[in-house]
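Chain by chain, the residues:
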Amino acid sequence: MKKRMEALLNEWLWQEEYWLPPGNTWQDIEMKEGKGRFPLPRDLIYTLPLAFAFIAFRYVFERLIAVPLSKHLGVKDRIRIRAASVPKLETFYKQNSRQPSQSEVVSLGKQCGLSQRKIQTWFRHRRNQDRPSNTKKFCEASWRFVFYLVAFTAGLGSLINTSWFWDHRECWRGYPKQPVAECHQWYYILEMGFYLSLLLCVSVDVKRKDFKEQVIHHIATIFLIGFSYCSNYVRVGTFVMLVHDSSDFLLESAKMFHYAGWTRTCDSLFVVFSLVFLVTRLVVFPGRVVYSTLVVSLEFFPPYFGYYFFNALLLVLQALHIFWAYLILRMVYKFMFLGKVERDERSDEESEVNEEEEEEPEEEGDECSWEQRKGAINSKLASLANNCVLNNLTNQRNINSRLPKAR
């Protein structure tokens, strides 16, 4: 059975016309001992356990480093009112919708014996209860910042002395018979393991407006890394990863200071990030990487399936770059004309909810919340009474001042 499965994989998946240019076979690109190493598909098996290792390390990092750092930098979380325990509403919230329509509110009110206002208040509090805290968002940003910074520094150090870093034609000279250095092999495996960990954690991470685009980006990146490694597009692939890492750590650092309330530092980092992102993703990536894979590569081999598939994935990434560039330019516009970055255009979904929702006291609160409302009402009545007394005194003075004239 095992041999039959291997035969099917060799027949359908590992066909040479999918992975190699015409006229090349797997036997042609085997490296002899002492002359280097050729990337093998089985090397990518390490990425799955590595992804789980990243998740475990992230858990430890966030609790031992990120949380204390957030307190040191002054990250503060809003105190939110917890929704009362109503089983029917909780079931509807989890299984149907987080924002019920007016007809659904009326129906739920009849089922639970509550007014429509109380139903709407319960759902508002329940949505706010699920919103991620600033500490959670800070921990997520700090983890990504550390990885992107280390990956960019290590990638730049391993590539800056290579010939293809300065001349993109060297990416294809001698292809596909190009040995791969061990450092570039591990650069690939670590990057793919990290993006696998992001994809596995996408359901528990902070959900933003571009959630779908992020999922598409992670999937396209994983396919791009895996396919380019198996096809020995390692030279151009390492350059693609370096271009992406060059701006990602700046974005995550700006987020960290944003959650900490360091407005000036956040704005300065955001300006630097915007410049780096727009240059690397809209100039360097299409002008150097995409041009090299689409045009320059044809000087060395005719197009085949791998050529079309690899370039299709690159164009998907470029489309996402244009989408994110649009969001960044909107934020730059706000920064220039409003004087500051009011909010992240990719902010979490629940940040669209009015902030005043959290300030509204719970209608069915406990004795403590009732005492708070009672104190607020008494203070307003006292203020109103003081105003009435002052008005009466003023009117009395005006009357007394008119009496001599009348006499």
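As shown above, the structure is provided for reference.
As the structure is a computational prediction, the values presented were derived from the model and not from experiment.

A. Here's a closer look at the overall build of the chain. From N to C terminus, the chain includes 13 helices and 0 strands. Taking all 407 residues of the chain together, 42% fall into the buried category. Contacts in the chain between residues at least 24 apart in sequence constitute 81% of all its contacts with a sequence separation of at least 6. As displayed, the chain offers around 23,200 Å² of accessible surface, 61% of which is attributable to carbon and sulfur atoms.

B. Representation of the pattern of salt bridges in the model. Inspection of the entire model under this criterion finds 9 salt bridges. Here arginine 169 makes a salt bridge to glutamate 299, at a shortest N to O gap of 3.3 Å. Within this pair, whereas arginine 169 is found in the loop between α7 (134–159) and α8 (182–200), its partner glutamate 299 is found in the loop between α11 (263–294) and α12 (305–338), the two being separated by 130 residues in sequence. By relative accessible area, arginine 169 is classed as partly exposed at 31%. Note that arginine 281 and aspartate 248 form a salt bridge whose closest N and O atoms lie 3.0 Å from each other. Residue arginine 281 is found in helix α11, and its partner aspartate 248 is found in helix α10 (residues 234–260); the two are separated by 33 residues along the sequence. A relative accessible area of 2% means that arginine 281 is categorised as buried. For aspartate 248, a relative accessible area of 13% puts it in the buried group. Members of the salt-bridge network, linked through shared partners, are Arg58, Glu62 and Arg63.

C. Focus on the packing of helix α3 (residues 47–73) against α7. Relative orientation of the contacting elements α3 and α7 amounts to 115°, with a least axis distance of 8 Å. In this structure, α3 meets α7 at a crossing whose hand is right-handed. Of the residues in α7, those touching α3 at Phe54, Phe57, Arg58, Phe61, Glu62, Ala66, Val67, Leu69, Ser70 and Leu73 are Thr135, Phe138, Cys139, Glu140, Ser142, Trp143, Val146 and Phe147. Residues that form the contact of α3 with α7 fall into these classes: 12 nonpolar, 3 polar and 3 charged.

D. Highlighting helix α5 (residues 102–112). Every buried residue belonging to α5 is among Val105, Leu108 and Gly109, and all of these are buried. For α5, the buried positions fall inside an angular range of 105° around the axis, keeping them on one side. In this structure, α5 carries Ser103 and Lys110 as exposed residues pointing more than 90 degrees from its buried face. Taken together, the buried residues of α5 touch α4 (87–95) and α6 (116–130). Looking at the residues trailing α5, positive phi occurs at glycine 113, about 70°.

Conventions and cut-offs
- Residues numbered from 1 in each chain as written.
- Predicted model: local features only at pLDDT ≥ 70, side-chain atom pairs only at ≥ 80, totals over all residues.
- Heavy atoms only, no water.
- Helix = DSSP H or I, 4+ residues; strand = E, 2+ residues; numbered from the N terminus.
- Buried < 20%, exposed > 50% of the residue type's maximum accessible area, 1.4 Å probe, protein only.
- Contact = heavy atoms within 4.5 Å.
- Areas by Shrake-Rupley, 256 points an atom, 1.4 Å probe, with all protein chains shown as cover.
- Salt bridge = Lys/Arg side-chain N within 4 Å of Asp/Glu carboxyl O.
- Axes fitted to C-alpha atoms, helices over the stretch in contact; angles between N-to-C directions.
- Left-handed = near helix turned anticlockwise from the far one by under 90°.
- Nonpolar A, V, L, I, M, F, W, Y, C, P; charged D, E, K, R; others polar.
- Arc of directions from axis to C-beta.

Taken by themselves, the reported measurements are silent on function.
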